[in-house]
Amino acid sequence: MSDKSKGSVAPDVPATEPSFWEADKGLASWLFTLDHKRLGVMYLVSTMIFLFVGGAAALLLRTELLTPEGDIFSATVYNKLFTVHGAVMVFLVIIPSVPGALGNFLLPLMLGAKDVAFPRLNLLSFWVYTLGAMFFLYTLFAGGLDTGWTFYTPYSSTTGTSVVSATLGAFILGFSSILTGLNFIVTVHKMRAPGLTWNRLPLFVWGIYATAVIQILATPVLAITLLLITIERTLNIGIFDPAMGGDPVLFQHFFWFYSHPAVYIMILPGFAIESELIAVHSRKHIFGYKAIALSSVAIAIISFLVWGHHMFVSGQSELAGVIFSFLTFAVAVPTAIKVFSWVATLYKGSIEFNTPMLYGLMFIFTFSIGGLTGLFLGSLATDVHLHDTYFVVAHFHYVMMGGTIIAFIGGIHHWWSKMFGVNYSEKAAKIGALLVFIGFNMTFFNQFILGQQGMPRRYYTYLPQFQQQHVLSTIGAYILGAGLLWTAIYLIHSLRRGEKATSNPWHGVSLEWHTQSPPIQHNFHGTPVVTSDPYDFPEIDRTGETDRH
Amino acid sequence: MSAIATAEHPEHLAHHFDTLEQQAAAAKLGMWLFLATEILMFSGLFLGYFIIRMFYPEMVLEAHEYLSKTAGGVNTVVLITSSFTMALAVRAAQVGDQKNLIRNLIFTIGFAGVFMVVKYFEYSAKFEHGMLPGKFYHAWDHGYYIEGLPHIFFGLYFCMTGLHGIHVLVGIGVLTWILLRAKKGEFGPSYYTPVENVGLYWHLVDLVWIFLFPLLYLVR
């Protein structure tokens, strides 16, 4: 165990125990497992399947947009496709992806615990997710849904498509999210190994913790909103539907009270991964540990006070608009603190340009564009011009895809050997990263310009003058799709043919690297004791004579 | 497994916890977080109620006269008493008073049942008078004329009391589960977290009703 660093001590027992993959056999040992690592793997597989579904819908949308006229689909089918794309990506992919897959797998390992606090609740959470996904699939086959993922009233209470099954699906998925969040908060509070103080937690844990706080506090509001819209549709009680005496703007308040914090449910896990990628692969102590850790919590808190910036043109009062605009700018501060800290970490580090790091650097680039363009939309005057245009589409794809999904893919590469015990082909991975980077920027960058020129979102036809840019965007989407497919292929290939991985290929210090790859069923042979912080890499020079500090 | 737990392997300690204290603290923190989510979920309904009341104050005032203050009042007393017996049950579990634990759990379940019976009669009366939510509202067929949009008030009434009623039914379920475990003698001074957590849940159900009652039945 030469990879063991100074500081953290795990009892020295030869790795003769079978890994969690081999500990139990048979389908039932997976379907009813209480092992957080197996649940993490199952989340990974499920979210990847739905990423494929949502991605396929996106490629169909982009294909339709190759020409200004409607050629392949009718308006209704187009509406259904973008709804499928949005709803699947938000509720079935991005929200559960990092916490469900990497969070479940890594959190107890990083804390030196045998499992999460409530393993049975964890299994329940996965099955609730599956049930919610089934409602979504049912919606798909029962005629689809054309409201967009936002379910705005009064359209959602009058359209002929399958709203109730979709809202019930999202309602159920919300419970999965709540249960996971609850489980993680208790795990971080109560399951830390001896010596693992709050200031020694890996920043991944801090990010997942802040995410869990939002999951707990925001998702119940979504639950009641979706329940009310289901009741509105079936009984017409008249709370949201103006025809029955209700208030559609009230629905928007309800919806964004959840859904704005929810975008932080989606991006905070990306931040969580990014801190690990940047620090480990530049072999330098993370810059501003406390600032990064606490800014996650600050974002979690402020995120609850900015929902009104989705409603600048919905007729809310001007004063409310000004306050929400100010608070939106306030949330940019902790976010910027993170980005600056990552860049400062890179400064004079010995950066290794391996695949996880490439995704880490890609994240800084794409997320910065996504974050900064958010401020354009948070300004009252510019938002009136840019509202509901491709500018908004480009902005949130730069944050959700360029932020969370890029970080997620980077994280998968970073921890691939830990999860599966094999190495992927570094060369193939670099080609994949290049394709993803080119494809992504080609798809979305010119959508900022398109939106600024007045191309509205959610239209299946457009003016001929926009065609060139739409064609460029579509070609970019194909390249991005090819890059992601290629990534899936070489990763799956590595499971069969990949060389066996060592337990700590990156010389990481946090606890997950102090057990074999893949880990044994109970994670560690004994309870690990932590005596230093997770970024105290052995090559860091503490004397101050060189630049490596 | 023997009923008497040894120091190394306490009977109710799950494999991933080190001590019973750690396990109990985790369970209790989890329960409090769950209660927070419950409050936030109900808060959406309360907000909806206040908005509707702000929009249509006269209608809410007039419609609420058709709710039975007596039935609501009786139910309030019943639920508060059940919270008291629940607290006694938790105390009995803590001191290992098996007889009082079982007795008070049965009382609590009984009061919860009384609440649901009263609710049943209230709902039946509303159904008979056509005071149903939303598009099913047809009280005018039965000779009741309420100005404005009373279907919204009754929609909210059924949503709020309905969601609360579901919580009471779930409460009866988990209380019965605790009662069965108590009868097997599972709880005592060293292990009573499940009783305590179910108690916390039951107090929340009670608390929600304490807000629902004045808001729906005692509008001024």
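Each chain carries its own residue numbering, running from 1 in the written order of its sequence. Think of it this way: whatever chain is written first is A, whatever ligand is written first is 1, and the rest follow in order. Local features in this predicted model are restricted to residues of pLDDT 70 or higher, and side-chain atom pairs are both shown and tallied only at a pLDDT of 80 or more, whereas totals for entire chains, interfaces and linings draw on every residue. Calculation of side-chain values draws on the structure's entire complement of heavy atoms; hydrogens and water are dropped beforehand.

Here we look at the overall build of chain A
Regarding its fold elements, chain A presents 16 helices and zero strands. Two things to know: the radius of gyration comes from C-alpha atoms, and the globule rule equals 2.2 Å times the number of residues to the power 0.38. Against the 2.2 N^0.38 benchmark of 24 Å for 549 residues, chain A shows a C-alpha radius of gyration of 23 Å, consistent with a compact globule. Dimensions along the principal axes, computed over C-alpha positions, put chain A at roughly 70 × 50 × 45 Å. The buried label applies to any residue whose accessible area, calculated with a 1.4 Å probe on protein chains only, is under 20% of its type's maximum; exposed applies above 50%, and partly exposed to all values in between. Split into buried and exposed, the 549 residues of chain A put 61% on the buried side. Sequence separation of 24 or more characterises 82% of the internal contacts of chain A that already satisfy a separation of 6 or more. Exposure was quantified through the Shrake-Rupley algorithm and a 1.4 Å probe, taking into account, for residues, occlusion by the shown protein chains and nothing else. Here chain A has roughly 19,700 Å² of accessible surface; of this, 70% comes from carbon and sulfur atoms. Numbering goes from the N terminus for both helices and strands, where a helix is a DSSP run of H or I of at least four residues and a strand is a run of E of at least two. Throughout, a residue-residue contact means that at least one pair of heavy atoms, one from each residue, lies within 4.5 Å.

Looking at the confidence of the model for chain A
The quantity called pLDDT is the predictor's confidence in a given residue, expressed from 0 to 100. Mean pLDDT over chain A stands at 93; residues scoring 70 or higher make up 96%. Below a pLDDT of 50 lies the segment residues 1-9 of chain A, which in the model reaches 23 contacts outside its immediate sequence neighbourhood of four places, other chains included.

Here's the deal with the packing of aromatic side chains
The criterion for an aromatic pair is that two Phe, Tyr or Trp rings (for Trp, the six-membered ring) have centres within 6.5 Å, with stacked assigned to planes under 30 degrees apart, edge-to-face to planes over 60 apart and tilted to the rest. Evaluated as defined, the whole model comprises 60 aromatic pairs over all chains. Seen from their ring centres, Phe251 of chain A and Phe255 of chain A are 5.8 Å apart, and the 25° between their planes marks the pair as stacked. On the criterion of helical spacing, the pair formed by Phe251 of chain A and Phe255 of chain A is a turn pair, its members being four residues apart in helix α9 (residues 248-282). For Phe251 of chain A, a relative accessible area of 0% translates into the label buried. Judged by relative accessible area, which is 0%, Phe255 of chain A ranks as buried. Each ring, one from Phe115 of chain B and one from Trp209 of chain B, has its centre 5.1 Å from the other, and the planes form 85°; the classification is edge-to-face. Placement of Phe115 of chain B in helix α4 (residues 98-128) and of Trp209 of chain B in helix α6 (residues 193-217) is noted, with a sequence separation of 94 residues between them. Of the two residues, Phe115 of chain B and Trp209 of chain B, both sit in the buried class.

Remarks on helix α10 (residues 289-302) of chain A
Residue and element names in this part refer to chain A. The span one expects for a helix is its residue count, reduced by one, times 1.5 Å. The end-to-end C-alpha separation of α10 is 20 Å, in line with the 20 Å expected for 14 residues at 1.5 Å each. Those residues of α10 not exposed but buried are Tyr289, Ile292, Ala293, Ser295, Ser296, Ile299, Ala300 and Ile302. Looking at the buried residues of α10, the elements they touch are α8 (203-235), α9 and α11 (318-346).

Quick notes on the interface of chain B and chain A
With 34 residues of chain B in contact, the opposing surface of chain A contributes 34 residues. Roughly 2,800 Å² is buried in total at the junction of chain B and chain A, and carbon and sulfur atoms are behind 77% of that figure. Put simply, buried area is how much 1.4 Å-probe accessible surface two parts lose in total, over both of them, once they are put together. Ranking the residues of chain B by area buried against chain A places His16, Leu40 and Met41 of chain B at the top, with a combined share of 19%. In the sections that follow, a salt bridge refers to a side-chain nitrogen of Lys or Arg positioned within 4 Å of a carboxyl oxygen of Asp or Glu. At the surface where chain B touches chain A, the tally comes to zero salt bridges. Side-chain atoms alone can form a polar contact between residues adjacent in sequence; in general such a contact is a pair of N or O atoms within 3.5 Å, and within protein one must be able to donate a hydrogen while the other accepts it. Run the count over chain B and chain A and you get eight residue pairs in polar contact (both at pLDDT 80 or more).

Considerations on the environment of Pro57 of chain B
Considering the arrangement of structural elements, one finds Pro57 of chain B in helix α2 (residues 57-64). Once the C-alpha coordinates of Pro57 of chain B and Gly148 of chain B are considered, the two residues, 91 residues apart in sequence, prove to be 9.9 Å apart.

Here's the deal with a nonpolar patch on the surface
Residue and element names in this part refer to chain A. Grouping into patches uses exposed residues only, defined as over 30% relative accessible area, and leaves out salt-bridged ones; the cut-off is 9 Å for like charges and 5 Å for nonpolar side chains (Val, Leu, Ile, Met, Phe, Trp, Tyr). Together, Phe52, Ile431, Leu485, Trp486 and Ile489 give the surface a local cluster of nonpolar side chains, amounting to about 490 Å² of exposed area. Among the elements that take part in the nonpolar patch, helix α16 (residues 467-497) stands out by supplying three residues, more than any other. Locating Ile489 in the fold gives a position in helix α16.

Remarks on the side chain of Asn75 of chain B
Residue and element names in this part refer to chain B. For Asn75, the position within the fold is in helix α3 (residues 69-95). Asn75 gets classed as buried once you look at its relative accessible area, which sits at 0%. With sequence-adjacent residues up to four places away left out, Asn75 is seen in contact with Val114, Phe115, Val118, Lys119, Glu122 and Trp209.

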